[in-house]
2 protein chains.
Amino acid sequence: MIAHLECARCGRAHPADRLQNLCPCGGPLLARYDLALLARRWGPQDLGRRRGMWRYREVLPAAVEEEPLTLGEGGTPLLPSRRIGPAFGLRRLLLKDETLNPTGSFKARGLAAAVHRARALGAGEIVLPSAGNAGSAAAAYSAAAGLACTVVVPRGTPPPIVAETVAYGATVELVDGSIADAGRRARELCADGGGYDVSTLREPYRVEGKKTMGYELAEDLGWTLPAAIVYPTGGGTGLIGMWKAFEELEALGWIGAERPRMIAVQAAGCAPIVHAFEAGAAHADPWPDPRTVASGLRVPAAIGDFLILDILRRSGGTAVSVSDGELLEGARRLARAEGVLAGPEAGAAVAALPKLVRQGTIAPADRVVVFVTGHGLKYPAIMEAG
Amino acid sequence: MIAHLECARCGRAHPADRLQNLCPCGGPLLARYDLALLARRWGPQDLGRRRGMWRYREVLPAAVEEEPLTLGEGGTPLLPSRRIGPAFGLRRLLLKDETLNPTGSFKARGLAAAVHRARALGAGEIVLPSAGNAGSAAAAYSAAAGLACTVVVPRGTPPPIVAETVAYGATVELVDGSIADAGRRARELCADGGGYDVSTLREPYRVEGKKTMGYELAEDLGWTLPAAIVYPTGGGTGLIGMWKAFEELEALGWIGAERPRMIAVQAAGCAPIVHAFEAGAAHADPWPDPRTVASGLRVPAAIGDFLILDILRRSGGTAVSVSDGELLEGARRLARAEGVLAGPEAGAAVAALPKLVRQGTIAPADRVVVFVTGHGLKYPAIMEAG
């Protein structure tokens, strides 16, 4: 169903029937479908009983004759907040609990799509850098697909995530520095060994998996969208993916032109998007010395920075940062007040809420969705906080 | 919708509109519905779009006017085995992946139902003994329900599970000995402090939540049942619950009289059900010195032993044990060959497969379902095995 790939920077079209990474201009490639054709023969009533993210397979990278690679990703609950919303005066706060994905995080969606497609196009080995959860998700889906997998992670990645990745049979290489350094090493490994680099946005299909969060939100809300989405933002693939989902849904005629305010939350110790947003810049400067216990937010430079910043502005959203103390308290609060044990990244989204209320970005009657991106069990900073 | 509670030992009826524990005869109470009435107005076509276990709420303990207590439990994937089945010559092996429940285990189902009902009937504090995952599930649902929770666990319970339980705001008390000793201490606490004891099968509703595994299996298989179910068995509530589900489904007219062979798997270091099954006994003697890394199987005496043994025999099933070495290897294999990181209990079920094939209990063409009951992340014995 994919018509072609399109560079998000220069607009050039590329064929979708072979393994691709970046456009020669350096821009990320996005999958484009013939939505006008699809709109005539596919509607919400056709979604059927299939559970999880592959219920939207018409807009996912699996050919009709292929069995999608699945471990049960997607179809996560959208829980009405019982106490955190009311405590901040928010009457319609919802938690999208992505911890119920395989490997305990939202990364499962993107890697299910990417590893499925990589295998279909002939890849023999999956290689990627990861600040944590993407690596273990890639390892699990590679195991399911019968592919070799090598994950390069910065020293300082939570040890349980490294152990999890090894348990799935992947090779893990530790490097000094941040995920940017891990990314350079992953590209070296691919150049030397012929593995396929599935770094986020350096291959076209992780964003396709991630966009299903947007399809699910719309479906769960009866083909309407919330007033605001609060999203912990490292590489920002989910934010880019959901925005793409909303554009596709409008082209399909399933929703109208309305959009949520998209709100990126980062850690004060690594906040390149917040800095660029406040400076009015179109791109984000790399953050020189990224420091935060929220390993998923320890991303000093996002290749999709210009897309994220554009989405935040066009949606009337914003970008805010919180301290490590605040984000850990946010995660503790999620567990005690809602019964949801999340990682520090989701804690950051919770911690941002009172700031967003104070500055008027979200209002008491707004339907606001907070993304709970990963499970707390994997983070010593959460589990040892008692 | 619950007509009354019925003692599974003496048959005596008890009212369902108040907090109950055991029958005066010492037997567990089971919920009974007016299934003949229900059969006339409720069919598979009425299940609708509700996801998770509460899609079967007509046979669950939530009154029509109540909002069910949910964190998104149930609706877990039934994954075709990619490599383990073929390796053992089983062509239709399925994995029911219960690790995708809230708190990472099948215990979420039972505790969602039990805590919902306890709150509705006026309980202020939840108390229970646990060998691990039941405690953290009770803590999460108590947090969601706004109830206090105290969990009594044996020393030797995996530290990540204890930390998880504390993170949800529960009080954890460590005791020497096994879950039997923890159970005695929990009953003392309830007698002294007025908490409500939700020990498995000592209250009527955990089995109601667990039975939804049986409803889901039947629905996922198009209202048919598999040839065999391989189930890691500690307290055995899920096994009893699924059997109850099949009886209810037949009474509703949704399935016929066919039943799967029910197969209990235990650890060689704590195998009271296997011992009793082989001896032809109706009850199991308490296991004197329970030892296994599979904490969920470290249950020396199950209050539902007579129900489990009866089900195994009536279904043409069996009970087998595996060593700790075998069950750890089973869990490693699940991660590497299928991409499913499970606890040692599910590893035991996998390890039992070649034995069951050898002794002819399951055959190559049989549709066999293995229950993957809990997540591997919580077990140092799994995570440190790398």
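Residues numbered from 1 in each chain as written. Chains lettered and ligands numbered in written order. Predicted model: local features only at pLDDT ≥ 70, side-chain atom pairs only at ≥ 80, totals over all residues. Heavy atoms only, no water.

### Focus: the state of the cysteines
Residue and element names in this part refer to chain A. Here the structure, examined in full by the defined rule, presents zero disulfides over all chains. No disulfide involves Cys25; its sulfur sits 3.5 Å from the nearest other cysteine sulfur, which is in Cys7. Sulfur of Cys149: no disulfide; nearest cysteine sulfur belongs to Cys190 and is 11 Å away. We classify Cys149 as buried; its relative accessible area is 6%. (Disulfide = S-S within 2.5 Å. Buried < 20%, exposed > 50% of the residue type's maximum accessible area, 1.4 Å probe, protein only.)

### With respect to the confidence of the model for chain A
Per-residue pLDDT for chain A has a mean of 97; in total, 99% of the residues score no lower than 70. Interface confidence in the predicted complex, given as ipTM, is 0.96; pTM for the same model is 0.97. (pLDDT = per-residue confidence, 0-100.)

### Thoughts on the sheet that holds strand β5 (residues 92-97) of chain B
All names here are of chain B. As summarised here, the arrangement of the six strands in space is β4-β5-β13-β10-β11-β12, forming an open sheet in which the pairing is mixed. Of all the strands in the sheet, the pair left with one neighbour each is β4 (78-80) and β12 (318-322). Mean inter-strand twist for the sheet, computed between neighbouring axes without regard to direction, equals 25°. Against the sheet, helix α11 (residues 324-338) makes contact with β4, β5, β11 (261-267), β12 and β13 (367-372), and its axis sits at roughly 95° relative to β12, the strand it touches most. Running over the sheet, helix α12 (residues 344-358) touches β5, β10 (228-232), β11, β12 and β13 and is turned about 110° from β12. (Pairing = 2+ DSSP bridges. Helix = DSSP H or I, 4+ residues; strand = E, 2+ residues; numbered from the N terminus. Axes fitted to C-alpha atoms, helices over the stretch in contact; angles between N-to-C directions. Contact = heavy atoms within 4.5 Å.)

### Quick word on the packing of aromatic side chains
The tally for this structure, following the rule as stated, stands at ten aromatic pairs over all chains. Ring plane angle 50° and centroid distance 4.6 Å describe the contact between Trp42 of chain B and Trp254 of chain B, whose orientation is recorded as tilted. One end of the pair, Trp42 of chain B, is in the loop between α1 (35-41) and β4; the other, Trp254 of chain B, is in the loop between α8 (237-252) and β11, and 212 residues separate them in sequence. The burial state of Trp42 of chain B is the same as that of Trp254 of chain B; both residues are buried. An aromatic cluster is built from Trp42, Trp223 and Trp254 of chain A, whose rings are joined through pairwise contacts. Lying across the ring of Phe106 of chain B, Lys210 of chain B places its NZ or CZ 4.1 Å from the centre. (Phe/Tyr/Trp six-rings, centres within 6.5 Å; stacked < 30°, edge-to-face > 60°. Lys NZ or Arg CZ within 6 Å of the ring centre and 35° of its normal.)

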